[in-house]
Amino acid sequence: MSSERAASLSRPLRVAVLASGRGSNLQVLIDRIHGRGKVQIVAVGSDKPQAPALARAEAAGIETHVFATADFGGGRSERDAAIAAWLSGLGVELVVLAGYMQLLGPELLERFSGRVINVHPALLPAFPGLDAVGQALAYGVKVFGVTVHFVDDGVDTGPIILQEAVALPNARTREEVFDALHEIEHRLLPRAVGLIADGAVAPDPEHPRRVLVR
Ligand code: GRF
C-alpha cells in the first residue's frame, strides 16, 4: 500500500466503505476526512437495503449499491465478484469495512489484496467474530478496546494497524461498553484511513504480521 500510494500522494485516495447498519463510523469518515483533499469516498455498499448507512452516503452525494446475498442466488462468491467489479470500475484503492456483517471471500480479497481494512470492537486477537462486546462481558474482562486491522481470509485475523484500550472495570451492559468504544472507533478509523492516504502505513519487511505506522 505505502509504495503505491507514495507515487500518487498528490491526489485523494479513492475509498469505498461497506456497511450493514447504523453507519456512525461511515458518518465520521464523511465528516472528518472525505472531500478534504486527502481522501475521497467514492462508493458505499451494503448487504442491507434498509441500512441507515446508505442514507448517510446518499445525503453526502456518494454513490451507493446494495449487494444482498439473496440477489445472487445465495452465492457469496457471485456477490463478492460483483462487489469487486463495482469497486474496480470506480477506481477504488482502499475498502473500509465499517460494521459490514458479511465475510468477504477471495473474489474480493484477492483483487484488493492488502487494501481492505476493518474496525472491530475488541482488542484482537481476543474476541474475534460476532458480538465481540458480548463475548468480552461474558469473559469478565476489565479492559475493552478497538482494533483497526487489515482484512485477510480469516475472521478478524489480519495484521493490526491501530489499537486502543479503555478500562471499564465495572461494565455490565453492551450499551455502556459501546458508548466508550464508539468514541474510540470514531477517532481511530479516520486516523487509520488518513495514515494510509498519507502512505504512512506499511508492512514490516522483517515480520509479515507487524504493520509499521509512521
Ligand atoms: C462498530 O462497533 C464496529 O466496531 C463493528 O460494527 C459497528 C458498526 O457501527 N464492526 P456503525 O454502523 O458504524 O455505527
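Refer to the structure presented above.
Fair warning: this is a prediction, and the values are worked out from it, not measured in the lab.

Conventions we followed
All chains use their own residue numbering, which begins from 1 and follows the written sequence. At least 70 in pLDDT is required for a residue's local features to be given in this predicted model, at least 80 for side-chain atom pairs to be given and counted, and no such filter applies to totals for whole chains, interfaces and linings, which use all residues. Water and hydrogen atoms were dropped before computing side-chain values, which therefore reflect all heavy atoms in the structure. Helix numbers and strand numbers start at the N terminus; a helix is a DSSP run of H or I with at least 4 residues, a strand a run of E with at least 2. Our radius of gyration is a C-alpha quantity, and the globule rule it is checked against amounts to 2.2 Å times the number of residues to the power 0.38. Using a 1.4 Å probe on the protein chains alone, a residue whose accessible area is under 20% of its type maximum counts as buried, one over 50% counts as exposed, and one in between counts as partly exposed. The cutoff for a nearby residue is simple: one of its non-hydrogen atoms must lie within 4 Å of the molecule or strand. Here a polar contact means two N or O atoms within 3.5 Å. Within protein one must be a hydrogen donor candidate and the other an acceptor candidate, and residues neighboring in sequence count only if both atoms are side-chain atoms. Only the protein chains shown count as cover for residues, with accessible areas throughout obtained via the Shrake-Rupley method and a probe of 1.4 Å. Here the nonpolar group is Ala, Val, Leu, Ile, Met, Phe, Trp, Tyr, Cys and Pro; Asp, Glu, Lys and Arg are the charged ones; every other residue, Gly included, is treated as polar. Being paired, for any two strands, means DSSP has found at least two bridges between them. Contacts between residues were defined by any pair of non-hydrogen atoms, one from each residue, lying within 4.5 Å.

*Asks:* Is there a simple way to explain the overall build of the chain in this structure?
*Replies:* If you tally the helices and strands in the chain, you get 7 helices and 9 strands. Taken over C-alpha atoms, the radius of gyration comes to 17 Å for the chain, in line with the 17 Å a tight globule of 214 residues would show. Oriented by its inertia axes, the alpha-carbon framework of the chain measures out at about 50 × 40 × 30 Å. Here the chain holds 214 residues, and 50% of them are scored as buried.

*Asks:* Quick question: what am I supposed to make of the site of the ligand here?
*Replies:* Taken together, Arg-22, Gly-23, Ser-24, Asn-25, Gly-99, Val-119, His-120, Pro-121, Phe-178, His-182 and Glu-185 form the complete shell of residues around the ligand. Residue Arg-22 places a side-chain N or O atom 3.1 Å away from an oxygen atom belonging to the ligand. Here an oxygen atom of the ligand sits 2.8 Å away from a polar atom, N or O, in the main chain of Gly-23. Within the complex, the protein chains bury 87% of what would otherwise be the 370 Å² of accessible surface of the ligand. Sorting the residues of the shell around the ligand by element identifies helix 2 (24-32), strand 5 (116-120) and helix 7 (174-197) as the ones contributing at least two each. Here the shell around the ligand is built from residues that sort into 3 nonpolar, 6 polar and 2 charged.

*Asks:* Whenever I open this one, the pairing of strand 4 (residues 94-97) confuses me. Can you help?
*Replies:* Residues in a regular strand point their side chains to alternate faces of the sheet. Here strand 4 shows no split at all, with Leu-94 and Val-96 on one side and Val-95 and Leu-97 on the other all buried. As paired elements, strand 1 (residues 13-18) and strand 4 share 4 bridges and run parallel to each other. If you follow Ala-16 over to strand 4, its bridge partner there is Val-95. Inspection of the sheet shows strand 4 paired to strand 5 by 3 bridges, in the parallel sense. In the sheet register, Val-96 faces strand 5, and the bridge partner there is Ile-117.

*Asks:* I keep staring at the pairing of strand 6 (residues 143-150) and nothing clicks. Help me out?
*Replies:* Counting buried residues along strand 6, 7 of its 8 residues qualify, which places the element largely inside the surrounding structure. Pairing of strand 5 with strand 6 involves 4 bridges; the strand directions are antiparallel. From the neighbouring strand, His-120 faces strand 6, where its bridge partner is Thr-147.

*Asks:* Mind showing me how you'd approach the environment of Asn-118 here?
*Replies:* Within the secondary structure layout, Asn-118 lies in strand 5. With near-sequence residues (within four places) excluded, Asn-118 lies in contact with Leu-97, Thr-147, Val-148, His-149, Val-151 and Asp-156. In this structure the side chain of Asn-118 is engaged in a polar contact, spanning 3.2 Å, whose partner is the side chain of Asp-156.

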